[in-house]
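Listed below, chain by chain, are the residues.
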Amino acid sequence: MNSPATETVKSARQLDVSILACGNSMRSGGMEDKDLTTGIGTGPAATAHLAQRQWDGWAYARL
């Protein structure tokens with residue numbers, strides 16, 4: 001897929017950064033995995049993922 005975000009995703013992956021799309025948001029927007037740029041994964045719900053990571057000791061920083 002060719003989009004403005006493609007180069008940003010490639011750069012992030014070189015820094016070992018994972019990018020996940022919220023499955024709930026994708027479903028609400030009528031999107032499927034095939035609509036995402038290569039290198040972007042999915043999770044069922046962003047809020048649940050963030051809560052679990054924070055419970056595990058991670059920090060959340062919205063940029």
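Placed above this text is the structure.
Rules and cut-offs
- Residues numbered from 1 in each chain as written.
- Predicted model: local features only at pLDDT ≥ 70, side-chain atom pairs only at ≥ 80, totals over all residues.
- Heavy atoms only, no water.
- Helix = DSSP H or I, 4+ residues; strand = E, 2+ residues; numbered from the N terminus.
- Contact = heavy atoms within 4.5 Å.
- Areas by Shrake-Rupley, 256 points an atom, 1.4 Å probe, with all protein chains shown as cover.
- Lys, Arg positive; Asp, Glu negative; His and termini not counted.
- Charge placed at Lys NZ, Arg CZ, Asp CG, Glu CD.
- Phe/Tyr/Trp six-rings, centres within 6.5 Å; stacked < 30°, edge-to-face > 60°.
- Lys NZ or Arg CZ within 6 Å of the ring centre and 35° of its normal.
- Salt bridge = Lys/Arg side-chain N within 4 Å of Asp/Glu carboxyl O.
- Buried < 20%, exposed > 50% of the residue type's maximum accessible area, 1.4 Å probe, protein only.
- Pairing = 2+ DSSP bridges.
- Right-handed = clockwise from strand over helix to strand, strands pointing away.

Enquirer: Would you mind showing me how to read the overall build of the protein chain here?
Expert: From N to C terminus, the protein chain includes three helices and two strands. When the helices and strands of the protein chain are placed in sequence order, the string is α-β-α-β-α. Taken over the C-alpha atoms alone, the protein chain extends approximately 35 × 30 × 15 Å along its principal axes. Of the contacts formed within the protein chain by residues at least 6 apart in sequence, a portion of 29% connects residues at least 24 apart. For the protein chain, the accessible area works out to roughly 5300 Å², and carbon and sulfur atoms hold 54% of it. Positive and negative side-chain charges of the protein chain, numbering 6 and 6 respectively, have mean locations separated by a distance of 2 Å.

Enquirer: Would you take a moment to explain unusual backbone geometry for this structure?
Expert: Both trends apply: most residues other than glycine have a negative phi, and most peptide bonds are in trans. Positive phi, normally seen in glycine, also occurs at Asp16, with a value near 65 degrees. Summarising the element assignment, Asp16 is placed in the loop between α1 (5–14) and β1 (19–22).

Enquirer: Which parts of the structure should I look at to understand the packing of aromatic side chains?
Expert: Note on aromatic pairs: each is described by the distance of the centres and the angle between the planes. On inspection of all chains with the given rule, the structure shows zero aromatic pairs. Above the plane of the ring of Trp58 lies Arg53, whose end atom (NZ or CZ) is 4.3 Å from the centre.

Enquirer: Even after reading the chapter, I still don't get the pattern of salt bridges, so can you show me in this structure?
Expert: A side chain of one charge can pair with a side chain of the opposite charge if their charged atoms are brought near each other. For the structure on display, the rule yields two salt bridges. Here Glu7 ties to Lys10 by a salt bridge, and the two come within 3.6 Å at their closest N and O atoms. Of the two residues, Glu7 and Lys10 both sit in helix α1, three residues apart, roughly one turn of that helix. Close ionic contact of Lys34 with Glu32 constitutes a salt bridge, the shortest N to O distance being 3.9 Å. Judged by its relative accessible area of 65%, Lys34 is exposed. Judged by its relative accessible area of 45%, Glu32 falls in the partly exposed class.

Enquirer: Looking at this structure, how should I read the pairing of strand β2 (residues 40–43)?
Expert: The sheet contact formed by β1 and β2 spans four bridges and is parallel. Bridge pairing in β2 links Cys22 to Gly43. Each parallel crossover has a hand, and the one from β1 via helix α2 (residues 23–28) to β2 is right-handed.

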